[in-house]
Amino acid sequence: MYLVESKGGAIACMLLALFFLGTWPAVITLLERRGRLPQHTYLDYTMTNLLAAVIIALTFGQIGDSTVERPNFFTQLSQDNWSSILFAMAGGVVLSLGNLSTQYAWAFVGLSVVQVISSSMTVVIGTTLNYFLDDRINRAEILFPGVGCFLIAVCLASAVHSSNAADNKAKLSSWSNDNRTSTEAVLSSVPEESIPNKVTNDVESGNGPVGKAKAGTASFLIELEKRRSIKVFGKNTFIGLTLTFFAGVCFSLFSPAFNLATNDQWHTLKEGVPKLVVYTAFFYFSVSCFIVAIILNISFLYHPALGVPKSSFKAYLKDWNGRGWAFLAGLLCGFGNGLQFMGGQAAGYAAADAVQALPLVSTFWGVILFGEYRRSSRRTYVLLFSMLFMFIAAVGVLMASAGHRK
């Protein structure tokens, strides 16, 4: 079995995990904005997310000889370690609920804001729990100033959302006045022939042909609303923020639960039973994540939430539009989580929470792919850059606090 043991190797795992975990939400959001039902997307994503855990377990978990203290993956499957397995599976359950919540929240308040708020909550709560669970192997005088930076980022994220929402409202108000309609009834009152029915696949980037709406304009927002699977015009953004904060709580708990599964700080294992290695724990973690996601999303096919169109399992099986992208998102998330845990086991799970800087990556994709914040006010841009600066500072400080597990 191969284990990451050096501090440098742990940081490399964290940086790679940061890229993967910041990219998969952008892929999911792209599919939603192109009209694919979130139930269909998440069912596809869930399968390859589990596949990533199986691949990691059968490769890294089986490399080399199996020892008493560090058994290989197959050896550990037959051991009496159910207390640790339950902790790992509990972590998978809360992660699945968090991921499902963010999938709907992205539509209401945007990719960047959702990622910043949920990730910051994860760091503030989860990092504190992991610090004490890891017997304080991370340097507190460095770690907690980093947590403070994430707290500031939360406040700035809320201000960014408020400012950007005001910008969009002003754009729609101006557009509706020109077309003798009200902002509140913009979709219902605009004649079908006045809104393009054929929108190219790259409308999100604002690089469509002449005559199509440019990113950041009112026409762009209206075209996007017509295409997307989750309708948000006329909906209170409080729904999106509620889902975001719920997801943040879920994300705050999955890493401490995984920490308990691999290090047995509460001494729940019987004497002589080795602790779960990170690959075995990640396998059980992903299995529970898979089960919860399958149950909930099949239920949502027939009983959709938040006004999403009703579907069926037969319709899901026939829907190949964007399936490859959904599979890619699952692989990115699965390998990203696995790398985060590999780095956390070596350098401390509190330091590994530096991967929660994934909004740096997702904000980049949000601007490039979806035209978020284009043609916004100067105030919005100032707040946005301030938020990103605090994130960069927080990541540097958290990684500097990395310790070494004995």
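Residues numbered from 1 in each chain as written. Predicted model: local features only at pLDDT ≥ 70, side-chain atom pairs only at ≥ 80, totals over all residues. Heavy atoms only, no water.

## Some points on the nonpolar core
Core analysis: the biggest nonpolar cluster contains 94 residues, and M14, W24, F258, F341 and M387 have the highest contact counts within it. Ranked by the residues each element gives to this core, the list is headed by helix α4 (residues 82-109), at 11 residues. Apart from residues lying up to four places away in sequence, F341 is in contact with F254, F258, V278, F282, F285 and Y349. (Core = buried A, V, L, I, M, F, W, Y, C linked by side-chain atoms within 4.5 Å. Buried < 20%, exposed > 50% of the residue type's maximum accessible area, 1.4 Å probe, protein only. Helix = DSSP H or I, 4+ residues; strand = E, 2+ residues; numbered from the N terminus. Contact = heavy atoms within 4.5 Å.)

## Looking at the environment of V54
Mapping V54 onto the fold places it in helix α2 (residues 38-59). A sequence separation of 233 residues divides V54 from V287, and the C-alpha atoms of the two residues are 9.5 Å apart.

## Some points on the side chain of T102
Locating T102 in the fold gives a position in helix α4. When its relative accessible area of 1% is taken as the criterion, T102 is described as buried. In contact with T102, other than residues within four places in its own chain, are V114, A247 and F251.

## Topic: the packing of helix α14 (residues 359-370) against helix α15 (residues 378-400)
In helix packing, the relevant descriptors are the interaxial angle and the interaxial distance, both defined with respect to the helix axes. Taken N-terminus to C-terminus, the directions of α14 and α15 make an angle of 150°; their axes are 10 Å apart at the nearest point. Of the residues in α15, those in contact with P359, L360 and T363 of α14 are L384, L388, F391, I392 and V395. Looking at the contact of α14 with α15, its residues break down into seven nonpolar, one polar and no charged. (Axes fitted to C-alpha atoms, helices over the stretch in contact; angles between N-to-C directions. Nonpolar A, V, L, I, M, F, W, Y, C, P; charged D, E, K, R; others polar.)

## Notes on the packing of helix α1 (residues 7-33) against α14
α14 packs onto α1 with a crossing angle of 35° between their chain directions and a minimal axis gap of 8 Å. For the pair α1 and α14, the crossing hand works out as right-handed. Taking contact as the criterion, the partners of L18, F19, G22, T23, A26, T29, L30 and R33 in α1 are, on α14, V361, S362, W365, L369 and F370. Broken down by class, the residue content of the contact of α1 with α14 amounts to eight nonpolar, four polar and one charged. (Left-handed = near helix turned anticlockwise from the far one by under 90°.)

## Thoughts on the packing of aromatic side chains
Summed over all chains, the structure comprises 23 aromatic pairs. On the numbers, 5.4 Å between centres and 50° between planes, the contact of F73 with F74 is tilted. With a centroid separation of 6.5 Å and 85° between ring planes, the pair formed by F251 and F254 is classed as edge-to-face. On the criterion of helical spacing, the pair formed by F251 and F254 is a turn pair, its members being three residues apart in helix α9 (residues 237-263). One exposure class covers both F251 and F254, and it is buried. Chaining the aromatic ring pairs together yields one cluster made of F251, F254, F258, F282, F285, F341 and Y349. Across from the ring centre of Y316, 4.8 Å away, lies the NZ or CZ of R323, which sits over that ring. Over the aromatic face of W320 sits the side chain of R323, whose NZ or CZ is 4.5 Å from the ring centroid. (Phe/Tyr/Trp six-rings, centres within 6.5 Å; stacked < 30°, edge-to-face > 60°. Lys NZ or Arg CZ within 6 Å of the ring centre and 35° of its normal.)

## Side note on a nonpolar patch on the surface
Judged by side-chain polarity, I125, L129, V249 and L253 come together as a nonpolar surface patch covering roughly 290 Å² of accessible area. Sorting the residues of the nonpolar patch by element identifies α5 (111-133) and α9 as the ones contributing at least two each. Inspection of the secondary structure puts L129 in helix α5. (Patch = residues over 30% accessible without salt bridge, like charges linked within 9 Å, V, L, I, M, F, W, Y side chains within 5 Å. Areas by Shrake-Rupley, 256 points an atom, 1.4 Å probe, with all protein chains shown as cover. Salt bridge = Lys/Arg side-chain N within 4 Å of Asp/Glu carboxyl O.)

None of the figures reported here should be taken as evidence of function without further support.
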